[in-house]
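Chain by chain, the residues run as shown.
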Amino acid sequence: MNSKSRKKWAKLLQTIALILMLLALMATTGATYIVGRSWPQTTGTIPIPGLLQPVTVLRDRWGVPHLYARNTHDLFLAQGYVQAQDRFWQMDFWRHAGAGRLSELFGQSQLATDQFLRTLGWARVAAQELQQLEPDTITNLQAYAAGVNAYLADHQGIALSLEYAFLKLLNPGYQPEPWQPVHTLTWGKVMAWDLGDNAAEEIERLTLLKTLTLAQVEELFPPYPATQPVILPGVSDHLRRSPERSEGESSQVLATIAPTLDFLGSQLQALQVHLGTITPGLGSNNWVISGKRTATGKPLLANDPHLDSQLPSIWHEIGLHCTPQGPDCPYNVTGFSFPGMFGVIIGHNDRIAWGVTNVGPDVQDLYIEKLNPQDPNQYEVNGQWVNMDLVSETIQVAGAAPVTQMVRYTRHGPIVSDTYKPLQEVDPRSLPQPYAIALHWTALEPAHLIQAIAKLDRARNWEEFRLALRDFDVPAQNFIYADVEGNIGYQMPGRMPIRAQGDGRYPVPGWTDAYEWKGTIPFEKLPFSLNPDRGYIATANNPATGPDYPYLITHDWDFGYRAERINQILESLSSPITLDDIRRMQGDNFNANAKTLVPVLLQVMPQGQEWAEIRSLLQGWNNQVDLNNAPATLFNVFWKHLLAATFHDELPEAYWPEGSDRWLEVVHNLIQQPQSPWWDDKATPAIEDRDQILRQALTDAIAELKQTLGPDSDRWRWGQLHKVTFRNQSLGKSGVAPIEALLNRGPYPVGGDSDAVNATHWNAVESYEVTALPSMRMIIDLANLGNSLAMHAPGQSGHAFHPHYADLVEPWRTIEYHPMLWERTAIETGDRLTLTPP
C-alpha cells in the first residue's frame, strides 16, 4: 500500500471512529438531548431582530405552522424564521447545490457535479434576476432572508440540525453563511432542471442513431396518440390565428450535423451522466370540478405533484395570515411552500384555489458549435469566427485547494461539454474541425417566477390569477383554478421558444442562423379556459390542445394514460361528486398497461394444466395494482422481463427501457405487429416473434417470483417488492451505514404503479423500489375551505427523530389525509409561539 492509499485509509478509519464515538455519546448522554437540541421552539416567546410587531405562530397537531402578522414585512420575516427552524439543513444543502458549491460541504467527491453546475451558471442568472425584480418582491426576499438569519444568529452546529454533526466529521471548519435573497432565487433554477429533460432526450436520440436507423429511433419516441385526451378539447379562435409553428425534417438536421457525430460521441455519453439523472416518472395530476357537478354546489380542486422520493419532504406546509387583512397586508393563504422560498406555491387563499402539474415543454436545445482549430475560444457564426464570452469560476473544495474553472459561452449559452475529460484531453488544434456542445435553455435567462408567487397568494379572482401567471415563466406549469364564486379555469404560463426551424428533438447546428429562436410564445396565445361546458378540467402532463394549436410546445408529452383514467372516472360519476370521490380517485391504482397486454398474454399463453393457476390469476384481475394484489405482482414482474427480452439486445445499457409511459406506448404499438424485428432476440440464431417473447417473459417472471416470494401465488404481494425508502437527500446515500440508519426511514410497502393515478414510479432496469411518488395530495373544497384535505410525506420536520420527521408516512401510504385547517379557532388548540421585536 503506497503512502497516498495509507492516508486515505487513515482518514476513513478516523471518520468511522468519530461516527462511532458520536453514537456512543448519544447512547450514554441521552439521544433525545443530542438530537433534540435542533428541534424548534414552538411555545413561549422569542425576540426577533427586525420585527416591527409581534407575530403569532400556531402549530397544529401535524406540525404545520400558521403565522399571524400585522404587516407583510413581519409575515415573510416570520416565514423565514420558521422554515429555518424546521428545515435549515435542507435549505443550506439546496442553496449549495443550486450554486454549484457542494464541494464546499462534501469535498472532492462533488467537484465534477459542481463544475457542471457552475457551467450552467444558475447563481449568476439568479443574481441578474434580482436586479430586475419589482421593488416589493425584493423587499419580501429581504424580509425572508432576515428571518432565516435571525435563526442562524442563535443556532450553530448540531443546534441547527443533526446533519451538521456528521458534516463536522468530514469538514470541521464549515459554518453556514448568512442567507441572501439570491439563494431563494437559485431554488427556482433547481426546480426548472428537475422538471425538464429535453436535452437528455436529444442526446438519447442522437446516441441511438449510431446503431439504429432513423425509423427505428422514431419508433422508440412515438408521437402522442390521437385517441388520448388533451386538456382542452378543441382550440378556441384566439389560438388558431397567426400560426408560427415550424418543424424541420429530422433527416435534414441529421444530415447537417452528421460529420460531428464521431467527434461528439464521447462528449454525448459523458454529458448524459449529468443530463440523464432526472428521475423518470416526475409529473403530476390535478383536476377541478365545477359546482354544477358537485354535492356542495361549489368547485372541488385536487392536486398531487409527482416528484422524487426524498427526506425531508420537498414541501413545507404553512399558513400565512394578515391580521387584519387589507391593502398593506393582503395575505390570507395556506398550502405548500418550498423551504427557502417565501409565500405559498400551491394552495388557496380566502377567495381562490390553484394547483399545478408540469407542462414539460421543450425549452432546452443543444447546439453543436464549430470551434476555431487555432483558437478554442472562438466559434463560427455564419462563416465568421466570433469570440466566446469567458467567465472564470473558483470552486472551494473542503479539504483541498480551490479549483479554477473557465466557463465558455456562445450566443446560445454555456459550452456544457467543457466539463468532461473526453473533451479536456483533446487538443482542438489537433483536429481538422473540432466541435463543442452549447445548451440554450430558457432558465439560463433572468426569470420572474418569484414575483408571481406573491401575486398568486393575494389574487382575488380569475383576472388577477392570470395577471400573476404572466410572471410564472420558468418552469412552465399547467395551472388549474377555482374560486368561491363557482368559477373554474385553466392557464398554461411559461416561456417557450419559437424556432426558426427544427422541432427540438435533435441537436442542431449552431454555426448558422437557420435554427435560431425567434422569440417566445406570447402569453395571450398560451392555452387557457374558463368554465368549460363539460364541467371539469383535468391535467396529467398530457397536451393542453390538439394538433390545431399553432405553436410547438413539445413532442415529448406524457402519453395520457393517467389523464385518460381521470377523465374516465369523472365522466362515470353521474351522481353529485363528493370529497370522498376525489379521495378514491387520488388512490386509484388502475394499470392501463395491463388493460392492453393481459388479453394478448392470455391468447398466447400455453393451454396446459400447469398454466391453469396463472391463467386464473390474470383472467379475474381488475387491473388494480393494489398493495396485496397477486396478479398485479405477476404482471409487473412480467412487464420488467418483457422490456428486457424485447430491447436489451438492441439498445445500449444506458438506454434500456425503465418502464415509463413512453415505453408503454412503444410496446402498445409493437403489440399490433407480431412480426416486428424488435421482437427478435439478436443473441439467438432463431428469429423470435411477439408470441414467443411474451411467453418467455411470462416464464421468466414466474421463475423470479417463485424464487423471491415462494411457489404459492396466493402469497405474491406487490407490496413485498414495491417499497419506498425515504432517504436523506444529502447524506442518505453516503455509504456510511450508521449515518444512513439514523437519517433514512423505510422501506415501506406501497400500492400503485408508474402510470396509475396513484403514481408510485419504479425503474424496470434497477428494481421495484419506488423512485418518484405523489409528494403531496391536496383536495380543496371551495364551499367550505376548512373542509379541505391534504397530506405530504414523510413529515413536516427536517430533524431526525423529531415526532414530525416521518409521522405522515403511514397516512400518506394508505391514502389518508389531514384537515387543511383554516379558521383560527380550529388551530388555537395546538402549540403557540410569539415572535416579538427585541
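All values derive from a computational prediction rather than experimental measurement.

Cut-offs used in this document
Every chain's residues receive numbers from 1 upward, in the order its sequence appears when written. Given that the model is predicted, a residue must reach a pLDDT of at least 70 before its local features are reported, and side-chain atom pairs must reach 80 or more before they are shown or counted; all residues, however, enter totals for whole chains, interfaces and linings. Where side-chain values are given, they derive from all heavy atoms of the structure, hydrogens and water being excluded. Each helix corresponds to a stretch of at least 4 residues labelled H or I by DSSP, and each strand to a stretch of at least 2 residues labelled E; elements are numbered beginning at the N terminus. Exposure categories follow from relative accessible area, calculated using a 1.4 Å probe and restricted to protein chains: below 20% of the type maximum is buried, above 50% is exposed, and the middle band is partly exposed. Throughout, a residue-residue contact means that at least one pair of heavy atoms, one from each residue, lies within 4.5 Å. Per-residue and other accessible areas follow the Shrake-Rupley method at a 1.4 Å probe size, with only the shown protein chains counted as cover for residues. We call two strands paired when DSSP finds no fewer than two bridges between them. Working convention: axes come from line fits to C-alpha atoms, limited for helices to the stretch in contact. Angles between N-to-C directions cover 0 to 180 degrees. We define a salt bridge as a side-chain nitrogen of Lys or Arg found within 4 Å of a carboxyl oxygen belonging to Asp or Glu. Ring pairs shown here join Phe, Tyr and Trp side chains whose ring centres sit within 6.5 Å, with only the six-membered ring taken for Trp; geometry is labelled stacked below 30 degrees between planes, edge-to-face above 60, and tilted in between. Whether a charge lies above a ring is judged from NZ of Lys or CZ of Arg, which has to be within 6 Å of the ring centre and within 35 degrees of the ring normal. Any angle from 65 to 115 degrees is called roughly perpendicular, while one under 35 is roughly parallel, one over 145 is roughly antiparallel, and all others are oblique. Take the far helix as the reference: if the near one is turned anticlockwise from it by less than a right angle, the crossing is left-handed, and if turned clockwise, right-handed. Only protein atoms enter the 1 Å grid used here, on which a cavity is any set of points holding a 1.4 Å probe that cannot leave and a pocket is any open set flanked by protein within 12 Å on both sides along at least five of seven lines; residues with an atom within 4 Å of a point are listed as lining. Grid points are joined across faces, edges and corners, and a volume is the space filled by probe spheres set on the points. Any N or O atom pair separated by 3.5 Å or less is treated as a polar contact, with the protein-specific requirement of one donor-capable and one acceptor-capable atom, and with residues adjacent in sequence counted only for side-chain atom pairs. The term disulfide is used for any two cysteine sulfur atoms that are within 2.5 Å. By nonpolar core we mean a set of buried residues, namely Ala, Val, Leu, Ile, Met, Phe, Trp, Tyr and Cys, connected to one another through side-chain atoms within 4.5 Å.

## Thoughts on the overall build of the chain
Scanning the chain from terminus to terminus reveals 28 helices and 31 strands. For the chain, the proportion of its 838 residues judged to be buried stands at 63%. Long-range pairs, those at least 24 residues apart, make up 74% of the contacts in the chain between residues at least 6 apart in sequence. Total accessible area on the chain is roughly 30800 Å²; 52% of this is exposed by carbon and sulfur atoms.

## Considerations on the sheet that holds strand 18 (residues 488-491)
Read from one edge to the other, the open sheet built from 11 strands follows the order 1-31-2-3-6-7-8-9-17-18-22, with strand pairing classed as mixed. Lying at the two open borders of the sheet, with one neighbouring strand each, are strand 1 (44-47) and strand 22 (528-530). Along the sheet, successive strands turn relative to each other by an average axial angle of 15°, direction set aside. Judged from the 4 bridges that link them, strand 3 (residues 65-69) and strand 6 (residues 316-322) form a sheet pairing that is parallel. Bridge pairing in strand 6 places L67 opposite L320.

## Overview of the pattern of salt bridges
Taken as a whole, this structure holds 36 salt bridges when the rule is applied. The residue E104 makes a salt bridge to R101 at a minimum N-O spacing of 2.8 Å. Neither E104 nor R101 differs from the other in exposure class; each is buried. Note that R495 is salt-bridged to D473, the shortest N-O span being 3.1 Å. Highlighted residues: R495 in the loop between strand 18 and strand 19 (497-499) and D473 in the loop between helix 17 (462-469) and strand 17 (477-483), separated in sequence by 22 residues.

## A look at the packing of aromatic side chains
Summed over all chains, the structure comprises 30 aromatic pairs. Ring geometry for Y435 versus W511: centroids 6.2 Å apart, planes at 50°, classification tilted. Taken as a pair, Y435 in strand 16 (residues 435-441) and W511 in the loop between strand 20 (508-509) and strand 21 (517-520) lie far apart in primary sequence, 76 residues in all. For the residue pair Y435 and W511, the accessibility class agrees, reading buried in each case. On the basis of an interplanar angle of 75° and a centroid distance of 5.9 Å, the ring pair of F726 and W812 is categorised as edge-to-face. Of this pair, F726 sits in strand 24 (residues 723-726) while W812 is found in helix 27 (residues 809-813), placing the two residues 86 residues apart along the sequence. Using a relative accessible area of 1% as the deciding quantity, one classes F726 as buried. Residue W812 is classed as buried on the basis of its relative accessible area, which comes to 1%. One aromatic cluster is present, built from ring pairs that chain together F88, W89, F93, F106, Y164 and Y174. The ring of W511 has K370 sitting right over it, with the charged end atom 4.6 Å from the ring centre.

## Comments concerning the packing of helix 20 (residues 592-604) against helix 23 (residues 661-670)
Angle between the axes and distance between the axes: these two values describe a pair of packed helices. Two numbers describe how helix 20 lies on helix 23: the axes approach to 11 Å, and their chain directions differ by 20°. Comparing their axes, helix 23 and helix 20 come out roughly parallel. In this structure, helix 20 meets helix 23 at a crossing whose hand is left-handed. For the pair helix 20 and helix 23, the contacting residues are A592, N593, T596 and L597 in the first and L664, V667 and H668 in the second.

## Thoughts on empty space enclosed by the protein
Under the definition given, this model contains 12 cavities of 30 Å³ or more. Looking at the largest cavity, it is lined by 22 residues, and the ones nearest its centre are M191, L195, F338, I345 and Q477. For the lining of the largest cavity, the secondary-structure elements that each account for two or more residues are helix 9 (181-194), strand 4 (283-289), strand 5 (300-308), strand 9 (352-358) and helix 16 (449-458).

## Quick look at the side chain of H96
Tracing the sequence through the fold places H96 in helix 3 (residues 72-98). One polar contact links the side chain of H96 to the main-chain carbonyl oxygen of D92, over a distance of 2.8 Å. Setting aside residues up to four positions removed in sequence, H96 forms contacts with R101, L102, E104, L105 and Y174.

## Observations regarding the state of the cysteines
Covalent bonding between the sulfur atoms of two cysteines defines a disulfide. Overall, the coordinates contain 1 disulfide when judged by the stated rule. With a sulfur-sulfur separation of 2.0 Å, C322 is cross-linked through a disulfide to C329. Measuring handedness by torsion sign, the sulfur bridge of C322 and C329 sits at about -75° and is left-handed. The class of C329 is buried, set by a relative accessible area of 3%.

## Quick word on the nonpolar core
Judged by nonpolar contacts, the single largest core of 225 residues is most densely connected at L220, I614, L634, F638, L642, F647 and L835. The element that contributes the greatest number of residues to this core is helix 3, accounting for 13 residues. F638 has contacts with L597, L601, L694, A697, L698 and A701, leaving out every residue within four places of it along the chain.

## A short note on the sheet that holds strand 13 (residues 389-395)
The strand order across the open sheet formed by 3 strands is 13-14-15, and the pairing between neighbours is antiparallel. Each having just a single partner strand, strand 13 and strand 15 (413-414) make up the two edges of the open sheet. By the bridge criterion, 7 bridges tie strand 13 to strand 14 (residues 403-410) in an arrangement that is antiparallel. From the neighbouring strand, I395 faces strand 14, where its bridge partner is V403. Against the sheet, helix 5 (residues 111-120) touches strand 13, strand 14 and strand 15, its axis set at about 35° to strand 14.

## Here we look at unusual backbone geometry
Of note, the bond from L311 into P312 is cis; its omega dihedral lies within 30 degrees of zero at 0°. Here the amide bond leading from G746 into P747 is cis, since omega sits at 10°, within 30 degrees of zero. Secondary-structure assignment places P747 in strand 25 (residues 745-749). Backbone geometry at N531 places phi at a positive 50°, although glycine is not the residue there. Take N531: it is sitting in the loop between strand 22 and strand 23 (536-539). Here F801, not a glycine, exhibits a phi torsion of approximately 75°, which is positive. Assignment of secondary structure puts F801 in the loop between strand 29 (789-792) and helix 27. For F801, a relative accessible area of 40% translates into the label partly exposed.

## A short note on the side chain of T184
Tracing the backbone through its elements, the reader meets T184 in helix 9. There is a polar contact of 2.8 Å between the side chain of T184 and the backbone oxygen of G340. Sequence-distant contacts of T184, defined by excluding residues within four places in its chain, comprise L141, Y144, W179, G340, M341 and I450.

## Some remarks on the pairing of strand 28 (residues 776-781)
Here strand 28 lies mainly inside the structure; 6 of its 6 residues are buried. Of the two faces of strand 28, both are covered, the one formed by M776, M778 and I780 as well as the one formed by R777, I779 and D781. Bridge count between strand 5 and strand 28: 4 bridges; the pairing is antiparallel. Residue pairing across strands places N303 opposite M778, the latter belonging to strand 28. Examined bridge by bridge, strand 28 and strand 29 share 4 bridges and lie antiparallel to one another. In the strand pairing of strand 29, M776 is matched with H792.

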